[in-house]
Amino acid sequence: MSSAPKGKPAFRLHIAVFLAPAVLVYTTIMIVPLFGTLQLALFRSVDGAQTFVGLGNFEVLFGDPRWSQSFWNALANNTWFFIIHMLVQNPIGIALAALLSRPSLRLRGFYRTAIFIPTILSFVIVGFVWKLILSPVWGVAPGMLDAVGLKFLFAPWLGKEAYALTTLALISVWQFVGIPMMLIYAALLSIPDEILEAAECDGITGFAQFWKIKLPLVLPAIGIISILTFVGNFNAFDLIYTTQGALAGPNFATDILGTFLYRTFFGFQLQLGDPNMGATIASVMFLIILTGVSIYLFGIQTRLRRYQF
Amino acid sequence: MKATALKGLLLAATAISAVGAAYAQDATLTIESWRNDDLTIWQDTLIPAFEAKHPGIKVTFSPTAPAEYNAALNSKLESASAGDLITCRPFDASLALFDAGHLAPLTDLEGINNFSPVAKSAWITDDGSTPFCVPMASVIHGFIYNKDAFDELGISVPQTEDEFFAALDKIKADGTYIPMAMGTNDQWEAATMGYQNIGPNYWKGEEGRNALISGDQKLTDEAWVAPYQTLARWKDYLGDGFEAQTYPDSQNIFTLGRAAIYPAGSWEISGFNAQADFEMGAFIPPVKAAGDTCYISDHTDIAIGLNAASPNAEAGRAFLNWVASAEFASLYANALPGFFPLSSEPVELEDPLAQEFISWRGKCESTIRSTYQILSRGTPNLENETWNASANVVRGSETPEAASARLQEGLASWYKPQM
């Protein structure tokens, strides 16, 4: 009576009470809609009534040449969008962080803020500002290129199938480069001075120090940034929608999964929305992201070496 | 004598209002609409004019943002909280509301007889038997041009296609003006002001449009490919970097006087009147050979219907009859130059540019945009595909023949008469 049997701790009610608000809110606004979407994907509207069709919608998405062509196009574009971010945004972010963390740099706070500010701007502002900058009619880009004698390099990038997607990816990089910079900067600052001093005693300075000491120590942070980029890119939608519209022109060259989902789910112009096919696409997007994150969590993160200071 | 006349008038007015009051004792009608922009016109002009004639009926105009209108209206109708009168989008969106029982049939509404079959086509069941909205306005396509530029270069208004391209060549050779202001960034300009603007001359308006719906013609037929071939020639006359030029860009280029010709819809008129400080004129889409019958796209755009669940149905019908009257047509058309009344009653417009546009109804055969009725019901959606195809053709990244073949294949994949 006096005590519970050993090894079986008493039920701690306060844990449940403290968790409840977060669990409730998260369940109502995240988990329930997620399963609602997955469920919606298994139904189809037949004569106005929702009918269970199993994986029928997925068969249409991958089997029907029209649907599958749009889907693979969107996925390929999305992958390219992600590759540009990984190749451009993250290395630049790391380089900026490395520069910022140099003790001899002056005006550090100014640079840090200036580079980070675009991140807090709305997509709509970024989209329209860049659209205006690059506009062949009113934009400053043609004039500036002309001033340095490089006018021949100018093209209406956002209107050309070959360049539009890359241009948009670079705009997105411009906007978000502040995030990897900040995270890496924080990671670099947390490296104890003792280690760096020891390295200097061993004659490792400058670039060698960055490659051999700092980079391995911030590798976990780079991993986190990569996965954030991955999730962010495969959920992207706003920038394309504000600059190119829901039809993701020219000729679907900038169509990514988010715009494809939007067009299908909500409809566009005369095309009525199809929530079931939309949910199917959303489910596939969820699976893609889930797979990517799982590969990272189980395949990469567990192998990253961590250092305790 | 005068006093008698006045008395008679008063008596008549009382009688009319008594009739009005008999069925509509202080009914309040609420109008659902997406036309935010028209709020002042309704409040200051239209509603007072109606209320003066129908004492006892109060009208409230309650618009929603255009992009949210369809969704907001649907949920209001589902929850029975929608207004009495519903502004109708053309074609399938409204047909769906009628099929779901949200819009009352208007077959026996007197005023509905004031409209031609083309005017009613956007708000009628597929078999053409039951209209469910009273047409309010349409928009007409054509070309608006800069008169000063034409005078300066000594160009007369082109009547035929050859004259049209000759004029474009002349403007281009001169170099002062961009021959034509249009971009492909937003895609719909190429389809709506391009393909649907010049197309009716090729497919002979209603004749071709109906033949496409019945399956007698295909999009790969000469009549449907030829407009794309003409459109492909436009590329050379558009401004530098037109690929990334947006719709507002095109409007501004024209109103700033930098371009000579603007492929237009009549809805531009009021905006252009306010912006441009040169004289503007308009011409009909040029025909192939002089003397050919001309066809114009006189596209039905906006109508008004009665909520089937409205408790004030009688008052609502009175309002709809008034919308069908010449008085409404003239008030509306003059308040909104460029949105033309569809009523068969003749209307005089004060705006010269708008008068020019509406005068074409007498010279040419009217039709509506080919992709709007029935043909955009499936997936792939013909209208959206047409945007994409037209933009591709103008940019030169797809040939007219390939684009037509692709559209036909898409249409045939779900539309039975075309299979």
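Residues numbered from 1 in each chain as written. Chains lettered and ligands numbered in written order. Predicted model: local features only at pLDDT ≥ 70, side-chain atom pairs only at ≥ 80, totals over all residues.

1. Some thoughts on the overall build of chain A
Working step 1: Broken down by element type, chain A carries 13 helices and four strands.
Working step 2: In terms of C-alpha radius of gyration, chain A reaches 25 Å, well past the compact-globule figure of 19 Å for 309 residues.
Working step 3: For chain A, the spread of C-alpha atoms along the principal axes amounts to about 90 × 80 × 30 Å.
Working step 4: Looking at chain A as a whole, 28% of its 309 residues qualify as buried. (Helix = DSSP H or I, 4+ residues; strand = E, 2+ residues; numbered from the N terminus. Rg over C-alpha atoms; globule rule 2.2 N^0.38 Å. Buried ≥ 20, exposed ≤ 12 C-beta atoms within 10 Å, placed from the backbone.)

2. Brief notes about the overall build of chain B
Working step 1: For chain B, the count of helices and strands is 18 helices and ten strands.
Working step 2: Against the compact-globule benchmark of 22 Å for 419 residues, chain B has a radius of gyration of 23 Å, which places it among compact chains.
Working step 3: Seen through its principal axes, chain B has C-alpha atoms that stretch 70 × 55 × 35 Å.
Working step 4: Sorting the 419 residues of chain B into buried and exposed places 51% on the buried side.
Working step 5: Considering only contacts in chain B between residues 6 or more positions apart, those separated by 24 or more positions represent 78%. (Contact = placed C-beta atoms within 7 Å.)

3. Looking at unusual backbone geometry
Working step 1: The residue after A:G249, namely A:P250, is reached through a cis peptide bond having omega -10 degrees.
Working step 2: Residue B:T379 is joined to B:P380 through a cis peptide bond whose omega torsion reads 0 degrees.
Working step 3: For A:L107, which is not glycine, the phi torsion reads 55 degrees and is therefore positive.
Working step 4: For A:L107, the location among the structural elements is in the loop between helix 3 (65-100) and helix 4 (108-120).

4. Focus on the pairing of strand 1 (residues 43-46) of chain A
Across a regular strand the side chains alternate sides, sitting on one face of the sheet and then on the other.
Residue and element names in this part refer to chain A.
Working step 1: In the sheet, strand 1 pairs with strand 2 (residues 49-52) via four bridges, with the strands oriented antiparallel. Looking at the pairing, S45 lines up with Q50 of strand 2.
Working step 2: Linking strand 1 back to strand 2 in an antiparallel pair, the connection comprises two residues, with D47 at a positive phi of about 50 degrees. (Pairing = 2+ DSSP bridges.)

5. Section: the domain arrangement of chain B
All names here are of chain B.
Working step 1: By domain assignment, chain B separates into domain 1 (22-136 + 301-350) and domain 2 (140-298 + 368-418).
Working step 2: Placing the centre of domain 1 and that of domain 2 at their C-alpha centroids yields a distance of 30 Å.
Working step 3: At the interface, twelve residues of domain 1 touch twelve residues of domain 2.
Working step 4: Its residues placed into classes, the side of domain 1 that touches domain 2 shows eight nonpolar, two polar and two charged. (Domains from an automatic or database assignment. Nonpolar A, V, L, I, M, F, W, Y, C, P; charged D, E, K, R; others polar.)

6. Description of the confidence of the model for chain B
All names here are of chain B.
Working step 1: For chain B, per-residue confidence averages 88 on the pLDDT scale, and residues scoring 70 or more make up 94% of the total.
Working step 2: Confidence over residues 9-24 falls short of pLDDT 50; this stretch has twelve contacts with residues more than four positions distant or in other chains.
Working step 3: Scored as a complex, the prediction yields pTM 0.82 and ipTM 0.81. (pLDDT = per-residue confidence, 0-100.)

7. Structural notes on the environment of B:G396
All names here are of chain B.
Working step 1: Mapped onto the secondary structure, G396 falls in the loop between helix 17 (382-395) and helix 18 (400-412).
Working step 2: Distance in space between the C-alpha atoms of G396 and D108 is 51 Å, their sequence separation being 288 residues.
Working step 3: Residue contacts for G396: discarding those within four places in its chain leaves A232 and K235.

8. A few points about the interface of chain B and chain A
Working step 1: Each partner contributes to the interface: chain B provides 25 residues, whereas chain A provides 21 residues.
Working step 2: For the side of chain B that touches chain A, the elements supplying multiple residues, two or more each, are helix 12 (247-255) and helix 17 of chain B.
Working step 3: Considering every element that reaches the side of chain B that touches chain A, the biggest residue donor is helix 17 of chain B, with seven residues.
Working step 4: Taken together, the residues that form the side of chain B that touches chain A break down as six nonpolar, twelve polar and seven charged.

9. Structural notes on the nonpolar core
Working step 1: Among the nonpolar cores identified, the biggest contains 155 residues, and B:V134, B:M180, B:A259, B:A303, B:I304 and B:F319 are the most heavily contacted of them.
Working step 2: Considering every element that reaches this core, the biggest residue donor is strand 4 (residues 133-146) of chain B, with nine residues.
Working step 3: Excluding its chain neighbours within four sequence positions, the residues that come into contact with B:F319 are B:L29, B:F50, B:V59 and B:L85.
Working step 4: Counting eleven residues, the second-largest nonpolar core is a separate cluster that includes A:V177, A:M181, A:I184 and A:V218. (Core = buried A, V, L, I, M, F, W, Y, C linked by C-beta atoms within 7 Å.)

10. A closer look at the confidence of the model for chain A
Working step 1: Looking at chain A as a whole, its pLDDT mean stands at 89, while 96% of the residues score no less than 70.
Working step 2: Within chain A, the element-level pLDDT minimum falls on strand 4 (residues 271-272) of chain A, averaging 76, and the maximum on helix 7 (residues 164-176) of chain A, averaging 95.

11. Digging into helix 10 (residues 206-214) of chain B
Residues and elements named next belong to chain B.
Working step 1: Turning to helix 10, its buried residues are G208, R209 and L212. For helix 10, the arc enclosing every buried residue in end-on projection is 100 degrees, short of the 170-degree limit, so these residues lie on one face.
Working step 2: Buried residues along helix 10 sit in contact with helix 9 (200-203), helix 11 (222-234) and strand 10 (365-367).
Working step 3: Looking at the residues trailing helix 10, positive phi occurs at G215, about 90 degrees. (Arc of directions from axis to C-beta.)

12. So, the pairing of strand 1 (residues 27-33) of chain B
Residues and elements named next belong to chain B.
Working step 1: The element strand 1 is largely enclosed, with a buried count of five among its seven residues.
Working step 2: As judged from the seven bridges shared by strand 1 and strand 2 (residues 57-63), these two strands associate in the parallel manner. Bridge assignment links A27 to a residue of strand 2, and that residue is I57.
Working step 3: As a crossover connection, the stretch from strand 1 through helix 2 (residues 39-53) into strand 2 is right-handed. (Right-handed = clockwise from strand over helix to strand, strands pointing away.)

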